[in-house]
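Architecture at a glance
The chain contents come next:
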Amino acid sequence: MSAGPLAGIRVLEVGHILAGPYATMMLADLGAEVTKIEPPGGDLSRQVGDSYFASLNRGKRSIRIDLASGAGRERLGELAAGAHALLVNLKPSAIRRFGLTHDALRRHNERIVCVALTGFGLDAGDHPAFDYVVQAATGVAALTGDPAGPPTLPGYSSADNSAGLTAALGLLAQIVSGRGGQVEVSLRDVMLSQLNYRASAYLNEGTEPRRLPSGAHSHYVPAQLFATSDGYLALFITHDGFWKAFCAESGVTGFPTMAERTARRAEVLAVVARALAADTAAGWEARLRPLGIPAAAVRTLPEALTAAPGAIVTAGGYRLVGSPIRVGGYEPRYGPPPRLGEHGDLT
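Worth saying up front: this structure is predicted, and the values here are computed from it rather than measured. (Residues numbered from 1 in each chain as written. Predicted model: local features only at pLDDT ≥ 70, side-chain atom pairs only at ≥ 80, totals over all residues. Heavy atoms only, no water.)

**Quick notes on the packing of helix α11 (residues 240-250) against helix α13 (residues 265-276)**
One way to put it is that α11 packs onto α13 with a least axis distance of 11 Å and a crossing angle of 45°. Considered as vectors, α11 and α13 are oriented oblique to each other. Considering how the two elements wind past one another, α11 and α13 form a crossing that is left-handed. When α11 is examined against α13, the residues Trp 243, Phe 246 and Ser 250 are found in contact with a partner set consisting of Val 268, Val 272, Ala 275 and Leu 276. Across the contact of α11 with α13, the residue classes break down as six nonpolar, one polar and no charged. (Axes fitted to C-alpha atoms, helices over the stretch in contact; angles between N-to-C directions. Helix = DSSP H or I, 4+ residues; strand = E, 2+ residues; numbered from the N terminus. Parallel < 35°, antiparallel > 145°, perpendicular 65-115°, else oblique. Left-handed = near helix turned anticlockwise from the far one by under 90°. Contact = heavy atoms within 4.5 Å. Nonpolar A, V, L, I, M, F, W, Y, C, P; charged D, E, K, R; others polar.)

Structure follows, in C-alpha coordinates:
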(Lines give C-alpha, C1' and ligand atoms only; values in the text may rest on other atoms or scores of the structure.)
Protein backbone atom coordinates (compact mmCIF):
# COMPACT_ATOMS: atom_id res chain seq x y z
CA MET A 1 0.00 0.00 0.00
CA SER A 2 1.42 3.41 -0.98
CA ALA A 3 2.06 6.34 1.30
CA GLY A 4 -0.66 8.96 1.51
CA PRO A 5 -0.73 11.66 -1.17
CA LEU A 6 0.17 14.25 1.50
CA ALA A 7 2.99 12.23 3.07
CA GLY A 8 5.82 14.57 4.03
CA ILE A 9 3.55 17.61 4.37
CA ARG A 10 3.75 19.12 7.86
CA VAL A 11 0.79 21.19 9.05
CA LEU A 12 0.39 23.10 12.30
CA GLU A 13 -3.07 23.77 13.70
CA VAL A 14 -4.15 26.36 16.25
CA GLY A 15 -7.83 26.54 17.03
CA HIS A 16 -10.84 25.18 18.80
CA ILE A 17 -13.92 23.06 18.29
CA LEU A 18 -14.81 22.30 14.69
CA ALA A 19 -13.95 24.20 11.50
CA GLY A 20 -10.15 24.27 11.79
CA PRO A 21 -9.72 20.83 13.37
CA TYR A 22 -12.02 19.31 10.73
CA ALA A 23 -9.91 20.87 7.96
CA THR A 24 -6.66 19.49 9.33
CA MET A 25 -8.15 16.07 10.08
CA MET A 26 -9.01 15.76 6.39
CA LEU A 27 -5.34 16.50 5.65
CA ALA A 28 -4.14 14.01 8.28
CA ASP A 29 -6.35 11.31 6.75
CA LEU A 30 -4.49 11.88 3.47
CA GLY A 31 -1.10 11.39 5.10
CA ALA A 32 -0.08 14.86 6.30
CA GLU A 33 1.61 15.18 9.67
CA VAL A 34 -0.69 17.46 11.66
CA THR A 35 0.40 18.95 14.95
CA LYS A 36 -2.18 20.61 17.17
CA ILE A 37 -0.77 23.51 19.14
CA GLU A 38 -3.06 23.57 22.15
CA PRO A 39 -3.31 26.14 24.96
CA PRO A 40 -2.72 25.08 28.58
CA GLY A 41 -6.36 24.01 28.96
CA GLY A 42 -6.48 22.27 25.60
CA ASP A 43 -8.83 22.58 22.63
CA LEU A 44 -12.30 23.44 23.94
CA SER A 45 -13.70 20.41 22.16
CA ARG A 46 -12.00 18.23 24.77
CA GLN A 47 -14.55 19.63 27.22
CA VAL A 48 -17.46 18.56 25.00
CA GLY A 49 -16.52 14.90 25.26
CA ASP A 50 -13.98 12.30 24.21
CA SER A 51 -15.92 10.98 21.22
CA TYR A 52 -16.58 14.53 20.00
CA PHE A 53 -12.87 15.35 20.20
CA ALA A 54 -11.97 12.10 18.47
CA SER A 55 -14.33 12.87 15.58
CA LEU A 56 -12.25 15.93 14.70
CA ASN A 57 -8.73 15.07 15.77
CA ARG A 58 -7.84 11.47 14.98
CA GLY A 59 -4.31 10.85 13.79
CA LYS A 60 -2.82 14.16 14.97
CA ARG A 61 0.00 15.09 17.31
CA SER A 62 -0.57 17.45 20.26
CA ILE A 63 1.88 19.98 21.65
CA ARG A 64 0.75 22.16 24.53
CA ILE A 65 2.10 25.70 24.26
CA ASP A 66 1.08 28.92 25.98
CA LEU A 67 1.18 31.35 23.06
CA ALA A 68 0.61 34.24 25.47
CA SER A 69 4.18 33.79 26.73
CA GLY A 70 7.38 34.82 25.01
CA ALA A 71 8.76 31.30 25.30
CA GLY A 72 5.59 29.94 23.72
CA ARG A 73 5.82 32.26 20.73
CA GLU A 74 9.50 31.41 20.34
CA ARG A 75 8.60 27.72 20.23
CA LEU A 76 5.90 28.51 17.67
CA GLY A 77 8.57 30.08 15.46
CA GLU A 78 10.72 26.97 15.72
CA LEU A 79 7.81 24.79 14.67
CA ALA A 80 6.90 27.15 11.83
CA ALA A 81 10.45 26.95 10.49
CA GLY A 82 9.93 23.27 9.70
CA ALA A 83 6.28 23.39 8.61
CA HIS A 84 4.61 23.76 5.25
CA ALA A 85 1.48 25.37 6.62
CA LEU A 86 -0.29 26.75 9.66
CA LEU A 87 -4.08 26.73 9.88
CA VAL A 88 -5.71 28.90 12.52
CA ASN A 89 -9.32 29.38 13.53
CA LEU A 90 -9.45 31.99 16.24
CA LYS A 91 -10.77 35.53 16.48
CA PRO A 92 -8.84 37.94 14.24
CA SER A 93 -7.47 39.86 17.23
CA ALA A 94 -6.11 36.63 18.75
CA ILE A 95 -4.58 35.57 15.44
CA ARG A 96 -2.61 38.81 15.33
CA ARG A 97 -1.85 38.94 19.05
CA PHE A 98 -0.28 35.48 19.01
CA GLY A 99 1.67 36.13 15.78
CA LEU A 100 -0.18 33.54 13.67
CA THR A 101 -0.02 35.37 10.33
CA HIS A 102 2.42 35.05 7.46
CA ASP A 103 3.73 38.55 8.13
CA ALA A 104 4.64 37.50 11.67
CA LEU A 105 6.11 34.10 10.77
CA ARG A 106 7.87 34.78 7.47
CA ARG A 107 11.13 35.57 9.30
CA HIS A 108 11.12 31.93 10.40
CA ASN A 109 9.93 30.47 7.09
CA GLU A 110 9.24 32.59 4.01
CA ARG A 111 7.40 29.75 2.26
CA ILE A 112 5.03 28.81 5.06
CA VAL A 113 1.34 29.00 4.14
CA CYS A 114 -0.75 30.64 6.86
CA VAL A 115 -4.50 30.06 6.65
CA ALA A 116 -6.78 32.26 8.76
CA LEU A 117 -10.21 30.67 9.14
CA THR A 118 -12.51 33.29 10.69
CA GLY A 119 -16.16 34.21 10.82
CA PHE A 120 -16.18 37.26 8.60
CA GLY A 121 -12.58 37.92 7.54
CA LEU A 122 -9.25 38.73 9.12
CA ASP A 123 -9.94 42.47 8.93
CA ALA A 124 -13.63 42.30 9.89
CA GLY A 125 -13.32 42.41 13.65
CA ASP A 126 -14.20 39.91 16.35
CA HIS A 127 -17.94 39.60 15.79
CA PRO A 128 -19.22 36.27 17.16
CA ALA A 129 -19.25 33.78 14.31
CA PHE A 130 -20.48 30.45 15.54
CA ASP A 131 -21.93 28.09 12.94
CA TYR A 132 -25.61 28.76 13.64
CA VAL A 133 -25.02 32.53 13.79
CA VAL A 134 -23.43 32.44 10.34
CA GLN A 135 -26.26 30.33 8.92
CA ALA A 136 -28.68 32.97 10.18
CA ALA A 137 -26.60 35.86 8.88
CA THR A 138 -26.15 34.52 5.34
CA GLY A 139 -29.70 33.52 4.44
CA VAL A 140 -29.35 29.78 5.00
CA ALA A 141 -31.77 29.68 7.94
CA ALA A 142 -34.29 31.85 6.08
CA LEU A 143 -34.29 29.31 3.23
CA THR A 144 -34.73 26.28 5.47
CA GLY A 145 -37.98 24.89 6.85
CA ASP A 146 -41.63 24.96 5.91
CA PRO A 147 -42.84 28.31 4.52
CA ALA A 148 -45.69 28.33 7.04
CA GLY A 149 -43.30 27.85 9.95
CA PRO A 150 -40.26 29.63 11.36
CA PRO A 151 -36.83 29.56 9.75
CA THR A 152 -34.81 26.59 10.91
CA LEU A 153 -31.33 25.10 10.80
CA PRO A 154 -29.83 21.86 9.50
CA GLY A 155 -29.19 19.20 12.10
CA TYR A 156 -25.40 19.50 11.85
CA SER A 157 -22.72 22.21 11.63
CA SER A 158 -22.88 22.84 7.89
CA ALA A 159 -21.08 26.21 7.99
CA ASP A 160 -18.16 24.94 10.07
CA ASN A 161 -17.71 21.76 8.03
CA SER A 162 -18.00 23.55 4.70
CA ALA A 163 -15.55 26.25 5.77
CA GLY A 164 -13.13 23.59 6.98
CA LEU A 165 -13.12 21.84 3.62
CA THR A 166 -12.67 25.17 1.83
CA ALA A 167 -9.77 26.11 4.10
CA ALA A 168 -8.06 22.77 3.41
CA LEU A 169 -8.43 23.42 -0.32
CA GLY A 170 -6.97 26.93 0.00
CA LEU A 171 -4.07 25.62 2.09
CA LEU A 172 -3.18 22.94 -0.47
CA ALA A 173 -3.53 25.34 -3.41
CA GLN A 174 -1.02 27.74 -1.89
CA ILE A 175 1.39 24.93 -1.00
CA VAL A 176 1.26 23.77 -4.63
CA SER A 177 2.09 27.33 -5.76
CA GLY A 178 5.35 27.10 -3.80
CA ARG A 179 5.10 30.72 -2.75
CA GLY A 180 3.88 30.60 0.82
CA GLY A 181 1.80 33.53 2.01
CA GLN A 182 -1.47 34.38 3.70
CA VAL A 183 -4.76 32.66 2.86
CA GLU A 184 -8.10 33.80 4.26
CA VAL A 185 -11.35 31.84 4.45
CA SER A 186 -14.43 33.10 6.28
CA LEU A 187 -17.54 31.17 7.24
CA ARG A 188 -19.70 33.97 5.83
CA ASP A 189 -18.05 33.90 2.41
CA VAL A 190 -18.20 30.12 2.22
CA MET A 191 -21.91 29.99 2.96
CA LEU A 192 -22.70 32.78 0.50
CA SER A 193 -20.68 30.85 -2.10
CA GLN A 194 -22.70 27.72 -1.38
CA LEU A 195 -25.90 29.63 -2.09
CA ASN A 196 -24.54 30.03 -5.62
CA TYR A 197 -27.59 29.57 -7.86
CA ARG A 198 -29.89 31.23 -5.34
CA ALA A 199 -27.61 34.26 -5.22
CA SER A 200 -27.22 34.32 -9.01
CA ALA A 201 -31.00 34.27 -9.53
CA TYR A 202 -31.36 37.27 -7.24
CA LEU A 203 -28.36 39.23 -8.50
CA ASN A 204 -29.09 38.70 -12.20
CA GLU A 205 -32.86 38.24 -12.40
CA GLY A 206 -34.14 39.85 -9.23
CA THR A 207 -35.68 36.56 -8.08
CA GLU A 208 -36.24 36.66 -4.34
CA PRO A 209 -35.40 33.30 -2.75
CA ARG A 210 -38.28 31.64 -0.94
CA ARG A 211 -38.95 28.53 1.05
CA LEU A 212 -41.13 25.88 -0.54
CA PRO A 213 -43.05 23.09 1.25
CA SER A 214 -41.30 19.79 1.88
CA GLY A 215 -37.89 21.21 0.99
CA ALA A 216 -38.86 21.53 -2.67
CA HIS A 217 -36.21 22.62 -5.17
CA SER A 218 -36.71 26.08 -6.64
CA HIS A 219 -36.21 24.94 -10.28
CA TYR A 220 -36.95 21.22 -10.61
CA VAL A 221 -40.42 19.68 -10.26
CA PRO A 222 -41.00 17.22 -8.66
CA ALA A 223 -37.91 17.43 -6.46
CA GLN A 224 -38.73 17.29 -2.76
CA LEU A 225 -39.90 15.04 0.08
CA PHE A 226 -43.16 13.12 -0.29
CA ALA A 227 -45.19 11.19 2.26
CA THR A 228 -45.75 7.54 1.35
CA SER A 229 -47.87 4.84 2.97
CA ASP A 230 -44.98 4.37 5.42
CA GLY A 231 -42.23 6.95 5.73
CA TYR A 232 -41.01 9.76 3.50
CA LEU A 233 -39.34 9.57 0.11
CA ALA A 234 -36.93 12.06 -1.43
CA LEU A 235 -37.68 12.18 -5.16
CA PHE A 236 -35.47 14.35 -7.39
CA ILE A 237 -36.63 14.56 -11.01
CA THR A 238 -34.17 16.84 -12.81
CA HIS A 239 -34.91 16.10 -16.46
CA ASP A 240 -37.59 14.70 -18.74
CA GLY A 241 -35.94 11.29 -19.05
CA PHE A 242 -36.30 10.72 -15.28
CA TRP A 243 -39.91 11.87 -15.47
CA LYS A 244 -40.75 9.50 -18.30
CA ALA A 245 -39.29 6.55 -16.40
CA PHE A 246 -41.10 7.58 -13.21
CA CYS A 247 -44.41 7.83 -15.04
CA ALA A 248 -44.00 4.37 -16.53
CA GLU A 249 -43.40 2.87 -13.07
CA SER A 250 -45.96 4.90 -11.09
CA GLY A 251 -48.79 5.18 -13.59
CA VAL A 252 -48.70 8.99 -13.57
CA THR A 253 -49.46 10.61 -16.93
CA GLY A 254 -49.06 14.05 -18.47
CA PHE A 255 -46.72 17.01 -17.91
CA PRO A 256 -44.02 15.70 -20.28
CA THR A 257 -41.62 18.68 -20.12
CA MET A 258 -39.86 20.34 -17.20
CA ALA A 259 -41.20 23.73 -18.33
CA GLU A 260 -44.77 22.44 -18.04
CA ARG A 261 -44.12 20.77 -14.72
CA THR A 262 -42.63 23.98 -13.33
CA ALA A 263 -45.53 26.08 -14.59
CA ARG A 264 -48.10 23.63 -13.15
CA ARG A 265 -46.18 22.77 -9.95
CA ALA A 266 -49.24 22.36 -7.70
CA GLU A 267 -50.98 19.98 -10.10
CA VAL A 268 -47.87 17.88 -10.60
CA LEU A 269 -47.20 17.59 -6.88
CA ALA A 270 -50.78 16.52 -6.20
CA VAL A 271 -50.63 13.78 -8.82
CA VAL A 272 -47.24 12.52 -7.64
CA ALA A 273 -48.30 12.58 -3.98
CA ARG A 274 -51.34 10.42 -4.74
CA ALA A 275 -49.23 7.92 -6.65
CA LEU A 276 -46.55 7.66 -3.96
CA ALA A 277 -49.13 7.09 -1.24
CA ALA A 278 -49.75 3.64 -2.74
CA ASP A 279 -46.44 2.15 -1.52
CA THR A 280 -43.90 2.58 1.27
CA ALA A 281 -40.79 4.75 1.05
CA ALA A 282 -38.61 1.65 1.09
CA GLY A 283 -40.77 0.07 -1.60
CA TRP A 284 -40.50 3.08 -3.89
CA GLU A 285 -36.75 3.25 -3.39
CA ALA A 286 -36.43 -0.40 -4.38
CA ARG A 287 -38.60 0.17 -7.46
CA LEU A 288 -37.15 3.46 -8.68
CA ARG A 289 -33.43 3.07 -8.10
CA PRO A 290 -32.97 0.22 -10.60
CA LEU A 291 -34.54 2.52 -13.19
CA GLY A 292 -31.89 5.16 -12.52
CA ILE A 293 -34.40 7.55 -10.94
CA PRO A 294 -32.94 9.60 -8.04
CA ALA A 295 -34.95 8.52 -5.01
CA ALA A 296 -34.22 7.54 -1.42
CA ALA A 297 -36.22 6.72 1.66
CA VAL A 298 -35.60 9.20 4.47
CA ARG A 299 -33.40 7.42 6.98
CA THR A 300 -32.21 8.29 10.45
CA LEU A 301 -28.46 8.62 10.98
CA PRO A 302 -28.29 5.22 12.73
CA GLU A 303 -30.10 3.66 9.78
CA ALA A 304 -27.76 5.39 7.32
CA LEU A 305 -24.68 4.19 9.20
CA THR A 306 -26.03 0.64 9.26
CA ALA A 307 -26.56 0.82 5.49
CA ALA A 308 -22.98 2.01 4.88
CA PRO A 309 -20.70 -0.12 7.09
CA GLY A 310 -17.71 0.59 4.83
CA ALA A 311 -17.80 4.25 5.86
CA ILE A 312 -17.01 3.40 9.49
CA VAL A 313 -13.40 3.11 10.66
CA THR A 314 -11.61 2.55 13.94
CA ALA A 315 -9.20 5.16 15.29
CA GLY A 316 -7.72 4.17 18.60
CA GLY A 317 -10.67 3.02 20.64
CA TYR A 318 -13.21 5.04 18.67
CA ARG A 319 -15.52 4.06 15.82
CA LEU A 320 -15.78 7.05 13.48
CA VAL A 321 -16.82 7.97 9.97
CA GLY A 322 -13.70 7.73 7.81
CA SER A 323 -12.36 10.04 5.15
CA PRO A 324 -14.72 10.64 2.23
CA ILE A 325 -11.73 10.87 -0.12
CA ARG A 326 -10.69 7.54 -1.61
CA VAL A 327 -7.27 7.42 -3.29
CA GLY A 328 -6.32 4.37 -5.35
CA GLY A 329 -3.59 2.31 -3.72
CA TYR A 330 -3.78 4.21 -0.43
CA GLU A 331 -5.55 3.19 2.76
CA PRO A 332 -5.54 5.82 5.52
CA ARG A 333 -3.95 4.83 8.80
CA TYR A 334 -6.45 6.19 11.27
CA GLY A 335 -4.53 6.94 14.44
CA PRO A 336 -6.09 7.76 17.80
CA PRO A 337 -6.76 11.34 18.89
CA PRO A 338 -3.79 12.71 20.83
CA ARG A 339 -3.68 13.23 24.55
CA LEU A 340 -3.21 16.88 25.51
CA GLY A 341 0.49 17.70 25.20
CA GLU A 342 1.32 14.11 24.26
CA HIS A 343 4.09 15.20 21.88
CA GLY A 344 5.43 18.20 23.79
CA ASP A 345 4.50 20.46 26.66
CA LEU A 346 5.66 24.06 27.10
CA THR A 347 3.33 25.80 29.53
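That covers the picture; the talk isn't over yet.
**Some points on the domain arrangement of the chain**
For the chain, the assigned domains are domain 1 (10-195 + 312-321) and domain 2 (232-297). Computed over C-alpha atoms, the centres of domain 1 and domain 2 are 42 Å apart. (Domains from an automatic or database assignment.)

**Overview of the packing of aromatic side chains**
Per the stated rule, a full pass over the model turns up three aromatic pairs. Here the aromatic rings of Tyr 220 and Phe 236 are separated by 5.9 Å at their centres, their planes lie at 75°, and the arrangement is edge-to-face. In this pair, Tyr 220 sits in the loop between α10 (196-205) and β7 (223-227) while Phe 236 sits in strand β8 (residues 232-236), placing the two residues 16 residues apart along the sequence. Geometrically, the ring pair formed by Phe 246 and Trp 284 is tilted, given 6.5 Å between the ring centres and 40° between the ring planes. Here Phe 246, found in helix α11, pairs with Trp 284, found in helix α14 (residues 281-288); they are 38 residues apart in sequence, far enough to count as distant. Since its relative accessible area comes to 1%, Trp 284 is described here as buried. Pairwise contacts between aromatic rings join Trp 243, Phe 246 and Trp 284 into one cluster. Positioned above the aromatic ring of Phe 98, the side-chain terminus of Arg 97 is 4.9 Å from the ring centre. (Phe/Tyr/Trp six-rings, centres within 6.5 Å; stacked < 30°, edge-to-face > 60°. Buried < 20%, exposed > 50% of the residue type's maximum accessible area, 1.4 Å probe, protein only. Lys NZ or Arg CZ within 6 Å of the ring centre and 35° of its normal.)

**Some points on the sheet that holds β7**
Across the sheet, three strands lie side by side as β7-β8-β9; this open sheet has antiparallel pairing. Here the strands that pair on one side only, and so sit at the sheet edges, are β7 and β9 (295-297). Adjacent strand axes in the sheet meet at a mean angle of 20°, parallel and antiparallel pairs treated alike. Where β8 lies against β9, three bridges are found, and the strand directions are antiparallel. Considered in β9, the bridge of Leu 233 is made with Ala 297. (Pairing = 2+ DSSP bridges.)

**Some remarks on the pattern of salt bridges**
All told, the structure shown has 18 salt bridges when counted by the stated rule. Its salt-bridge partner being Asp 43, residue Lys 36 comes within 3.0 Å of it at the nearest N-O pair. Among the residues examined, Asp 43 registers a relative accessible area of 0% and is labelled buried. Linking Arg 299 and Glu 285 is a salt bridge whose minimum nitrogen-to-oxygen distance equals 2.9 Å. In this pair, Arg 299 sits in the loop between β9 and α15 (301-307) while Glu 285 sits in helix α14, placing the two residues 14 residues apart along the sequence. Taking the relative accessible area as the measure of exposure, Arg 299 reaches 38% and is therefore partly exposed. On the basis of relative accessible area, Glu 285 is assigned to the buried category, the value being 11%. Salt bridges linked by common partners bring Glu 13, Lys 36, Asp 43 and Lys 60 together as one network. (Salt bridge = Lys/Arg side-chain N within 4 Å of Asp/Glu carboxyl O.)

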